[in-house]
Amino acid sequence: MKRCMIVDGSSVIRKVARRILEGPDMVVIDAGHGGEALAMCTAQMPDIIVVDNALPDMTGLEFITRAMTIDADRRPEIVLCMSQLDIGTIMRAKRAGARGHLLKPFDRPQLLERFRQLQMAA
């Protein structure tokens, strides 16, 4: 079973993503702050992380950089979630270890398509 973490300051975004993704093949956990999410990653690294670019306590790029330094059995697939398209931020996130990006607000088809693309690339 895959483990997915949603890291976003908005409880609504976390709830919507959980409802879309959670099922028999995926368990979804969430965090409202980057520090909380990093602690959870240290305890058990999820397979996939969807992280907002503007967390209350750090940027998405800071989170990605720190998450990729955690000593874990595997590296997570990370998707940066943004409210505005910013190619520079996307490129920096990819250099730090992100596999892609997603624009907010997202809907069920967009989120599921991004996850399908991650699975095909793996």
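Preceding this section is the structure that the text describes.
Residues numbered from 1 in each chain as written. Predicted model: local features only at pLDDT ≥ 70, side-chain atom pairs only at ≥ 80, totals over all residues. Heavy atoms only, no water.

### Overview of the overall build of the protein chain
- Counting its regular elements, the protein chain contains five helices and five strands.
- Counting helices and strands in the order they occur from the N terminus, the protein chain gives β-α-β-α-β-α-β-α-β-α.
- Taking 2.2 N^0.38 as the reference for a compact globule, 122 residues should give roughly 14 Å; the C-alpha atoms of the protein chain span a radius of gyration of 13 Å, in line with that estimate.
- Out of the 122 residues in the protein chain, the part that is buried amounts to 45%.
- Pairs at least 24 apart in sequence give 58% of the contacts found in the protein chain among residues at least 6 apart.
- When the accessible surface of the protein chain is summed, it comes to about 6500 Å², and 52% of that surface belongs to carbon and sulfur atoms.
- Measuring between centres, the 17 positive side-chain charges of the protein chain sit 3 Å from its 15 negative side-chain charges. (Helix = DSSP H or I, 4+ residues; strand = E, 2+ residues; numbered from the N terminus. Rg over C-alpha atoms; globule rule 2.2 N^0.38 Å. Buried < 20%, exposed > 50% of the residue type's maximum accessible area, 1.4 Å probe, protein only. Contact = heavy atoms within 4.5 Å. Areas by Shrake-Rupley, 256 points an atom, 1.4 Å probe, with all protein chains shown as cover. Lys, Arg positive; Asp, Glu negative; His and termini not counted. Charge placed at Lys NZ, Arg CZ, Asp CG, Glu CD.)

### A few points about the side chain of K104
- Locating K104 in the fold gives a position in the loop between β5 (100–103) and α5 (108–121).
- When its relative accessible area of 18% is taken as the criterion, K104 is described as buried.
- A polar side-chain atom of K104 sits 3.1 Å from a polar atom in the side chain of D52. (Polar contact = N/O pair within 3.5 Å; in protein donor to acceptor, adjacent residues only side chain to side chain.)

### Section: the nonpolar core
- Membership of the largest hydrophobic core comes to 23 residues, with the highest contact counts inside it found for V7, I49, V51, F63 and I64.
- Elements with a minimum of two residues in this core: β1 (2–7), β2 (26–31), α2 (34–43), β3 (48–52), α3 (60–67), β4 (77–82) and α4 (87–96).
- In contact with V7, other than residues within four places in its own chain, are A31, H33, G34, A37, I49, V50, V51, D52, L55 and F63.
- Grouped together as the second largest cluster of nonpolar side chains are 17 residues, A17, M26, V28 and C81 included. (Core = buried A, V, L, I, M, F, W, Y, C linked by side-chain atoms within 4.5 Å.)

### Considering unusual backbone geometry
- Note the cis peptide between K104 and P105, where omega equals -5°.
- By secondary structure assignment, the location of P105 is in the loop between β5 and α5.

As far as function goes, none of this settles anything; it's purely spatial.
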